[in-house]
Amino acid sequence: LPLIAICGRPNVGKSTLFNRLTGSRRSIVGDEPGITRDRIYGEIEWMNRDARIVDTGGVIPDDEALIPAEIFRQAQVALDEADAIVMVVDGRTELASPDMELARLLLRGGKPVFLAVNKMDTEALLPSAENFRRLGFRNVLPISAEHNSGIGDLLDAVFAVLPEVDIEEP
Ligand code: GDP
């Protein structure tokens, strides 16, 4: 199955989005060979198509100093294995340099990338999502993971770039 990766700094709502997308079809620990505990995989179905999804923020180190390096390491893994990447930002915060660095890394990677501006819980907040266009993503989608808004548009956009998989007839 194609793989979608969710990237972003801590507290932007990655795991809330992941849970929203996967419902109960998720595995707490990485179920890939050689990968344990630091990434959380789940499955997602949208419009009769299936994909796997990984929350790269599965386990964040306790030591604050290690967090930036860990985010970049996870982003690199996402670039290596994912078919599409969703970077999540907190639309209620100012655009900050760690977001810019992460965006640069992801945009250079050559994979389809999408920016989900999260926590846009009400219509009134939508204009602040525009600030994040400066990150340079062509695809900027305001969402509220908590209130389940914008999620369908995000999935439409992401699934449009995923490779089609042939389902084998039994
Ligand atoms: P992660 O560290 O990126 O995985 O972030 P979490 O999913 O743990 O979310 C961090 C905080 O943001 C939690 O308190 C969530 O309840 C909150 N949060 C997540 N999504 C939304 C949203 O759409 N709107 C608002 N207002 N809060 C959200």
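Refer to the preceding data block for the structure.
These figures come from a predicted structure and were not determined experimentally.

**Student:** I tried to follow helix α3 (residues 97-108) on my own but got confused; where do I start?
**Tutor:** Structural remark: α-helix, 3.6 residues per turn; residues separated by three or four positions point the same way. Over its twelve residues, α3 runs 16 Å from end to end, which matches the ideal 16 Å to within 8%, given 1.5 Å per residue. Among the residues of α3, Asp-99, Leu-102, Ala-103, Leu-105 and Leu-106 are the ones counted as buried. The arc enclosing the buried residues of α3, seen along the axis, measures out at 165°, which places them on a common side. Phi turns positive one or two residues past the end of α3, at Gly-110, with a value near 80°.

**Student:** Got a minute to help me understand the site of the ligand in this structure?
**Tutor:** In the neighbourhood of the ligand, 15 residues make up the surrounding shell, with Asn-11, Lys-14, Thr-16, Asp-121 and Glu-146 lying closest. Within the side chain of Lys-14, a nitrogen or oxygen atom sits 2.8 Å from an oxygen atom of the ligand. It is helix α1 (residues 14-22) that contributes the most residues to the shell around the ligand, three residues altogether. For the shell around the ligand, a count of residues per class yields three nonpolar, six polar and six charged.

**Student:** Whenever I open this one, α1 confuses me. Can you help?
**Tutor:** The complete set of buried residues in α1 reads Lys-14, Leu-17, Phe-18, Leu-21 and Thr-22. Down the axis, α1 shows its buried residues gathered within 115° of arc, on one side only. Positive backbone phi, approximately 60°, marks Gly-23, located one or two places after α1.

**Student:** Explain empty space enclosed by the protein here, please?
**Tutor:** Unoccupied space between atoms shows up once a probe the size of one water molecule is rolled over them. Applying the stated criterion across every chain yields a total of two cavities of 30 Å³ or more. Quantified by volume, the largest cavity comes out at close to 60 Å³. Residue lining of the largest cavity: eleven residues in total, with Gly-8, Thr-56, Gly-57, Ile-71 and Gln-74 positioned closest to the centre. In terms of residue count, the dominant contributor to the lining of the largest cavity is helix α2 (residues 67-81) (four residues). Looking at the lining of the largest cavity residue by residue, the classes come out as five nonpolar, four polar and two charged. Of the voids in this model, the second largest cavity is the one considered here, and its volume is about 50 Å³. Lining the second largest cavity, in full, are Ile-4, Ile-6, Leu-17, Leu-21, Ile-53, Val-86, Leu-154, Leu-155 and Val-158. Elements represented by at least two residues in the lining of the second largest cavity include exactly β1 (3-7), α1 and α5 (151-161). Among the elements that line the lining of the second largest cavity, the one with the most residues is α5, at three residues.

**Student:** When you look at the environment of Asp-90 in this model, what are you seeing that I'm missing?
**Tutor:** Secondary-structure assignment places Asp-90 in strand β5 (residues 84-90). When its relative accessible area of 12% is taken as the criterion, Asp-90 is described as buried. Considering only alpha carbons, one finds Asp-90 and Gly-13, 77 residues apart in sequence, at a separation of 7.3 Å. What Asp-90 contacts, discounting residues up to four positions off in sequence, is Asn-11, Val-12, Asn-118, Lys-119 and Phe-132. Within the local environment of Asp-90, its side chain forms a polar contact with the side chain of Lys-119, the two groups lying 3.2 Å apart.

**Student:** Any chance you could explain the pairing of strand β4 (residues 49-55) here in plain terms?
**Tutor:** Each regular strand shows side chains that alternate between the opposite faces of the sheet. Of the strand pairs in this sheet, β1 and β4 are connected by four bridges, and their pairing is parallel. Bridged to Leu-3 within β4 is Arg-52. Counted between consecutive antiparallel strands, the loop separating strand β3 (residues 40-46) from β4 contains two residues, among which Met-47 sits at a positive phi close to 50°.

Conventions adopted
- Residues numbered from 1 in each chain as written.
- Predicted model: local features only at pLDDT ≥ 70, side-chain atom pairs only at ≥ 80, totals over all residues.
- Heavy atoms only, no water.
- Helix = DSSP H or I, 4+ residues; strand = E, 2+ residues; numbered from the N terminus.
- Expected span 1.5 Å × (residues − 1).
- Buried < 20%, exposed > 50% of the residue type's maximum accessible area, 1.4 Å probe, protein only.
- Arc of directions from axis to C-beta.
- Near = heavy atom within 4 Å.
- Polar contact = N/O pair within 3.5 Å; in protein donor to acceptor, adjacent residues only side chain to side chain.
- Nonpolar A, V, L, I, M, F, W, Y, C, P; charged D, E, K, R; others polar.
- 1 Å grid on protein atoms, 1.4 Å probe; cavity = no way out; pocket = protein on both sides within 12 Å on 5 of 7 lines; lining within 4 Å.
- Points joined across faces, edges and corners; volume = space filled by probe spheres on them.
- Contact = heavy atoms within 4.5 Å.
- Pairing = 2+ DSSP bridges.

Keep in mind these numbers describe shape, not what the thing actually does.
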